[in-house]
Structures are given as C-alpha cells and as structure tokens.
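# Architecture and fold: a report
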Amino acid sequence: MAGIYIHIPFCKKACNYCNFHFSTSLASKSHLIEAIKEELRLQASYLQNHAIDTIYFGGGTPSLLSAEELQSIFASIERYYSINELKEFTLEANPDDLDANYLNALQNTSVNRLSIGVQSFKEADLLFMNRAHSIQQVDYALKCAQDKGFTNISIDLIYGTPNLSMKEWEQHLNTMLTYEIPHFSSYGLTVEPKTTLAHQIKTKQLPALNPDEAAQQFLLLIDWAKENNFDHYEISNFGKPGAHAIHNTNYWKGIPYLGIGPSAHSFNHKSRQWNIANNQVYIKSILQDQTIPATEEELSLADQVNEYVMTSLRTMWGCDLDKIKNTWHTTLDTVIIEKYIQQQLLTQHQQTIFLSKQGKLFADAIAADLFIVS
Ligand code: SF4
C-alpha cells in the first residue's frame with residue numbers, strides 16, 4: 001500500500017504563523033493544475049506499482065480548487081496509479097469555502113473525508129491569526145458538511161494563542177464536541193522563522209508566546225480527550241476508534257508516499273525527496289522541460305532508524321525495539337532509555353517504549369537523544 005499527497009499552493013490570505021509553501025496570487029492556478037497532472041504522469045513509477053489506499057489534498061488551501069478541478073487531478077491519479085483499493089480521499093478545506101454549492105459539487109467527486117481548518121472557536125483568535133474566516137462561517141461549514149452527508153470530518157484547533165485562558169481552551173474543546181466530529185488535530189501555536197508572527201514578536205508589536213501556558217493547555221487537552229473517548233493516537237491527533245486518519249497513520253508507520261506539487265515530499269524507504277517550493281519554477285520545469293524539480297536524499301541506515309524513532313515515539317503504538325533489531329540490526333542506547341524511564345518521561349511494555357503524558361511535552365528532544373549515529 002502507498003499514499004499520494006497533492007500540494008495545492010494557494011491561499012486567500014497569509015495566516016500570521018504559517019510557514020507552509022503557498023501564494024496568495026491565484027493567477028497561475030490553471031497552469032499549476034496542468035503541471036500537477038503532468039507530474040503525476042512523470043512520477044508513475046515512483047511507487048513501483050504499490051496499490052494506492054489513500055489520497056490527501058493538502059496545502060495551501062485545496063478547497064480553492066473547484067470540484068471539477070479536483071476531479072480532473074483525481075482522473076490523472078486514476079489513469080496512472082492503481083486505486084482499486086482506495087480507502088480514504090481527504091480534502092483540506094477552509095470554512096469560508098464550504099458553502100452549500102461547493103459541498104454539493106464535492107459530493108460528485110471521490111472525496112470522502114474533510115479536514116477543516118477551523119483553528120479556533122474564538123473570533124479574536126481568528127483575527128489575531130489573520131484567518132480568512134469567522135466563527136459564524138465555522139458553524140455554517142460544519143453543519144452544512146454534515147447535512148450533505150460528510151461524516152468523516154476532522155478539524156484543526158490551535159492552542160497557546162496570546163490571552164487564551166485555560167477555561168476558554170476547555171470551552172473550545174466542549175464546543176467542538178457539540179458538532180460530534182470524530183477526529184481532530186491540535187497544535188500549539190509556534191513561532192516559525194520568517195513569518196509575520198515572528199516579525200511581530202521581534203519588533204515588539206506582540207509579546208513573546210508563553211510556552212508554559214501552551215504546555216498546560218496541551219496537558220488539559222490530553223485529559224479532555226481521554227474523558228471524551230478520543231484515542232490520542234499521535235501527539236497532535238485525536239480520533240474516535242475507527243476514525244483515525246489512514247493517510248497520516250500510514251506515514252507514521254513508514255508506508256511509502258508520493259508527494260506531488262511544489263514543496264511536496266516523497267518517501268520510499270530508501271530515499272526521501274522534495275520538490276522545489278516555487279510555483280513558477282515548478283510549472284516551467286514540469287511543463288516545458290519535462291523535469292521534476294526535486295532534491296533527493298538517500299537515507300543511511302541511521303537516517304532510517306532515526307526517522308522510525310522520531311515518528312513511532314509520537315504514536316500510541318510506540319517505538320518497537322525488536323523492530324529496530326530485526327529490521328536494521330542495531331539497538332538504541334539502553335542507558336538513555338532507562339534514564340527517561342526513571343524520569344517518568346518514557347514507559348516500557350515488553351520491547352516497546354512509549355512517551356508518558358509528561359514525556360509528550362519533550363517528544364522531539366527525547367527522540368533526538370535516542371538517535372543513533374552513523
Ligand atoms: S490557510 Fe493554511 S496554508 Fe494557508 S496561510 Fe493559513 S495556515 Fe497557511
């Protein structure tokens with residue numbers, strides 16, 4: 001099995017915290033769509049005939065494409081890849097795009113899962129983040145999507161915004177519950193380099209974010225999810241049993257995927273590659289030169305083990321020490337594992353190690369400490 005990710009690099013507005021690749025000019029949209037279809041043809045052998053079980057349109061804002069444009073890209077996937085076993089086709093969508101007409105049109109496509117960029121149920125937070133939508137549009141989009149028969153819905157929620165109290169954060173989670181959504185992803189606001197938020201903080205237009213408050217909100221989130229029967233199956237992802245995201249779970253389990261479009265990443269066990277994050281260069285390279293503008297990196301044994309440690313530790317299935325021994329014929333440092341178990345940041349069950357609740361606050365640092373060196 002394998003997955004296909006399509007990157008749609010357009011947005012209506014630039015959110016102040018975002019460092020994904022996107023343009024707010026849609027002038028090249030039709031050429032970009034043609035280039036994506038052509039790249040699908042050029043990359044047809046990348047997944048070596050693995051059956052495709054998931055397709056994910058991310059961005060950017062894929063819901064800026066019409067249903068016909070989405071379906072035309074899907075037709076290219078259908079043409080060059082084996083999709084008889086397709087289980088999940090996710091479309092990332094922003095609330096302001098999800099009106100009744102668009103949702104009606106989406107029903108005529110193969111999209112069967114929506115990932116909606118709600119981000120907050122507080123108007124002041126949406127304004128602070130420079131989101132393109134309002135709370136009213138969130139309410140309308142969620143209800144309308146469900147009315148039109150989309151049941152497999154995920155939303156994104158951000159915590160750690162300035163002035164978000166613990167009480168308000170819990171209210172957001174309880175508000176989400178009223179919509180009976182089976183899955184959500186939740187991220188602490190982070191200051192990425194070269195973003196408007198980074199500039200606003202650097203020039204003292206905004207105070208620095210408070211990491212302690214964000215940590216407390218994350219811990220509240222973990223308890224809240226447990227009380228409300230969401231599996232905390234990846235550090236930022238929560239789903240009712242049976243509603244976990246298949247595409248992302250496959251990614252965390254090391255299943256290969258092909259990324260198409262500017263800035264998209266691909267992985268096939270032996271190497272990873274990423275396309276250039278520039279729409280015009282991407283379009284020209286694909287349509288004029290028939291060349292994929294990508295950088296490829298061969299994965300050393302240490303890279304493969306460390307990638308597994310990094311991704312598996314973040315999941316509820318944990319990091320399987322036997323798998324590391326049997327697949328890569330190496331081991332992690334037991335002294336470091338023991339140190340984190342003593343500090344109650346890791347737990348171990350048989351040959352699998354897991355992050356504890358507190359350990360999840362330090363996931364990246366613990367994984368990095370466990371990395372092997374080549
Ligand atoms: S809509 Fe998404 S991709 Fe676009 S700027 Fe906002 S966060 Fe970034």
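Residues numbered from 1 in each chain as written. Predicted model: local features only at pLDDT ≥ 70, side-chain atom pairs only at ≥ 80, totals over all residues. Heavy atoms only, no water.

We now examine the site of the ligand. Surrounding the ligand, one finds Cys11, Lys13, Cys15, Tyr17, Cys18, Phe20, Phe22, Gly60, Thr61, Asn94 and Arg131. Here the shell around the ligand is built from residues that sort into six nonpolar, three polar and two charged. (Near = heavy atom within 4 Å. Nonpolar A, V, L, I, M, F, W, Y, C, P; charged D, E, K, R; others polar.)

It is the contact of helix 1 (residues 29–42) with helix 2 (residues 67–80), at a shortest axis distance of 9 Å, that shows an interaxial angle of 15°. Here helix 2 runs roughly parallel to helix 1, going by the angle between their axes. Read as a crossing pair, helix 1 and helix 2 show a hand that is right-handed. Of helix 2, the residues touching helix 1 (which contributes Lys29, Ile33, Ile36, Lys37, Leu40 and Arg41) are Glu69, Ser72, Ile73, Ser76, Ile77 and Tyr80. Residues of the contact of helix 1 with helix 2, tallied by class, amount to six nonpolar, two polar and four charged. (Axes fitted to C-alpha atoms, helices over the stretch in contact; angles between N-to-C directions. Helix = DSSP H or I, 4+ residues; strand = E, 2+ residues; numbered from the N terminus. Parallel < 35°, antiparallel > 145°, perpendicular 65-115°, else oblique. Left-handed = near helix turned anticlockwise from the far one by under 90°. Contact = heavy atoms within 4.5 Å.)

Counted under the stated rule, the structure contains 15 aromatic pairs. Here Tyr159 and Phe218 contribute two aromatic rings whose centre-to-centre distance is 6.3 Å and whose plane-to-plane angle is 20°, an arrangement assigned as stacked. On the criterion of sequence distance, the pair formed by Tyr159 in strand 5 (residues 153–159) and Phe218 in helix 8 (residues 211–227) is long-range, its members being 59 residues apart. Each of the two residues, Tyr159 as well as Phe218, counts as buried. Ring plane angle 65° and centroid distance 6.2 Å describe the contact between Tyr233 and Trp317, whose orientation is recorded as edge-to-face. Within this pair, whereas Tyr233 is found in strand 7 (residues 231–234), its partner Trp317 is found in the loop between helix 11 (301–313) and strand 13 (319–320), the two being separated by 84 residues in sequence. Looking at Lys240, its charged tip hangs above the ring of Phe230, at a distance of 4.6 Å from the centre. (Phe/Tyr/Trp six-rings, centres within 6.5 Å; stacked < 30°, edge-to-face > 60°. Buried < 20%, exposed > 50% of the residue type's maximum accessible area, 1.4 Å probe, protein only. Lys NZ or Arg CZ within 6 Å of the ring centre and 35° of its normal.)

Moving on to the side chain of Arg131. For Arg131, the location among the structural elements is in the loop between helix 4 (123–128) and helix 5 (135–147). Of the polar contacts made by the side chain of Arg131, one reaches the backbone oxygen of Gly117; its length is 3.2 Å. (Polar contact = N/O pair within 3.5 Å; in protein donor to acceptor, adjacent residues only side chain to side chain.)

Now for the side chain of Ser356. For Ser356, the location among the structural elements is in the loop between strand 15 (352–355) and helix 14 (363–370). Polar contacts involving the side chain of Ser356 include one to the main-chain carbonyl oxygen of Gln344, which spans 2.7 Å. Polar side-chain contacts of Ser356 include one of 3.0 Å to the backbone nitrogen of Gly359. Contact partners of Ser356, with chain neighbours within four places excluded, come to Gln344, Leu345 and Leu346.

Following both chains from N to C, one finds helix 11 and helix 14 inclined at 150°, their axes separated by 9 Å at the closest point. Accordingly, the angle class assigned to the pair helix 11 and helix 14 is roughly antiparallel. Seen from above, helix 11 lies across helix 14 with right-handed handedness. Contact residues: Val309, Met310 and Leu313 in helix 11; Asp364, Ile366, Ala367 and Leu370 in helix 14. Among the residues forming the contact of helix 11 with helix 14, the class breakdown is six nonpolar, no polar and one charged.

We now examine the sheet that holds strand 15. With antiparallel pairing, three strands are arranged side by side in an open sheet as 13-15-14. Both edges of this open sheet fall to strand 13 and strand 14 (346–349), since each of them pairs with a single strand only. In this structure, strand 14 lies alongside strand 15, joined through four bridges in antiparallel fashion. Residue Thr347 lies in a different strand from strand 15, and its bridge partner there is Phe354. (Pairing = 2+ DSSP bridges.)

Counted residue by residue, strand 3 (residues 88–93) has five buried out of six residues, so it is predominantly covered. In terms of strand pairing, strand 2 (residues 52–59) meets strand 3 through four bridges, oriented parallel. When the sheet's bridge partners are listed, Thr54 is paired in strand 3 with Glu88. Handedness of the β-α-β unit built from strand 2, helix 2 and strand 3 comes out right-handed. For strand 3 and strand 4 (residues 113–119), the ladder comprises four bridges, and the chain directions are parallel. (Right-handed = clockwise from strand over helix to strand, strands pointing away.)

Turning our eyes to something else, we now look at empty space enclosed by the protein. The full count for this structure, using the stated rule, is one cavity of 30 Å³ or more. For the largest cavity, the calculated volume is near 40 Å³. Lining the largest cavity we find Ala2, Gly3, Thr54, His247, Asn250, Tyr251, Ile255, Pro256 and Tyr257. Taken together, the elements giving at least two residues each to the lining of the largest cavity come down to strand 1 (2–8) and helix 9 (246–252). Looking at side-chain class alone, the lining of the largest cavity contains five nonpolar, four polar and no charged residues. (1 Å grid on protein atoms, 1.4 Å probe; cavity = no way out; pocket = protein on both sides within 12 Å on 5 of 7 lines; lining within 4 Å. Points joined across faces, edges and corners; volume = space filled by probe spheres on them.)

Ile6, Phe57, Leu114, Ile155, Leu313, Leu332 and Leu370 are the most contacted members of the largest nonpolar core, which has 90 residues in total. Looking at this core element by element, the count peaks at eight residues for helix 8. When we break this core down by domain, the ones giving at least three residues each are domain 1 (2–252) and domain 2 (301–370). (Core = buried A, V, L, I, M, F, W, Y, C linked by side-chain atoms within 4.5 Å. Domains from an automatic or database assignment.)

Geometric values such as these leave the question of function open.
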